[in-house]
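Descriptive analysis of the structure
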Amino acid sequence: MTDGFMGPPWQMDWRLDALAALEALPAHVREMVYAARAELVVAKDPCFRGIETDVGLPEGMKVRPIRSTQPKGAHALFFDYGNGWLKYTFSRRIEDPQILVEEVFWLEFKPPAPASPAEP
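Reference entry: report on the structure contained in this document. (Residues numbered from 1 in each chain as written. Predicted model: local features only at pLDDT ≥ 70, side-chain atom pairs only at ≥ 80, totals over all residues. Heavy atoms only, no water.)

Observations concerning the overall build of the protein chain
- Each helix and strand counted, the protein chain has two helices and five strands in total.
- Each helix and strand of the protein chain, placed in order from N terminus to C terminus, yields the pattern β-α-α-β-β-β-β.
- For the protein chain, buried positions account for 32% of its 120 residues.
- Of the contacts formed within the protein chain by residues at least 6 apart in sequence, a portion of 49% connects residues at least 24 apart. (Helix = DSSP H or I, 4+ residues; strand = E, 2+ residues; numbered from the N terminus. Buried < 20%, exposed > 50% of the residue type's maximum accessible area, 1.4 Å probe, protein only. Contact = heavy atoms within 4.5 Å.)

What follows is the structure, encoded as C-alpha cells:
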C-alpha cells in the first residue's frame, strides 16, 4: 500500500448498460472508444481542468464538464469529432481512485446521398 494520493494509470469501471452499449457498437467505433479510454486512464487529471484542456488529446477528441458549475463532477469525452462520447465521473479517493463510465454513445454519420440530376 502506498502513502498519499495515487496517480495514473487510473482504474476504470463501467456501468453494465454502458458496457452493453460498448459491445453493441461496430468494431471500428469500439477501437475509437478504446483509444479514448487509453487517454483517460493515463491523464494526469481526468477532469482536464485548466486553460488548454485538450492540448494532449489526439485529433477529434475533447473533454468538457457536463455542467460548467461543477468542474469536478461528471465529464464527457467526445471522440470521432463529436459523433460519440463517453460520460464519466472521476472519484478521487486516496486508496483506489477510479473513473466510472456511465454512458457510451455514438451517432453514425452517413453523408447525404447525392441528388439525382433533374430531368430537362
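Remarks on the nonpolar core
- Core analysis: the biggest nonpolar cluster contains 26 residues, and W14, V33, L40, L77, L86 and V104 have the highest contact counts within it.
- When residues of this core are traced back to their parent elements, those giving at least two are β1 (11–14), α1 (16–24), α2 (27–42), β3 (75–79), β4 (84–91) and β5 (98–106).
- Of the residues forming this core, the biggest block, five residues, is contributed by α2.
- In contact with V104, other than residues within four places in its own chain, are W14, A18, A21, L25, V33, W85 and L86. (Core = buried A, V, L, I, M, F, W, Y, C linked by side-chain atoms within 4.5 Å.)

Thoughts on the pairing of β5
- Relative to β5, β1 is paired through four bridges, and the arrangement is parallel. What sits directly across from M12, in β5, is I99.
- As paired strands, β4 and β5 are joined by eight bridges and run antiparallel to one another. Each bridged residue has a counterpart across the sheet, and for G84 the counterpart in β5 is W106. (Pairing = 2+ DSSP bridges.)

Note that all results are geometric; they support no functional claim without further evidence.
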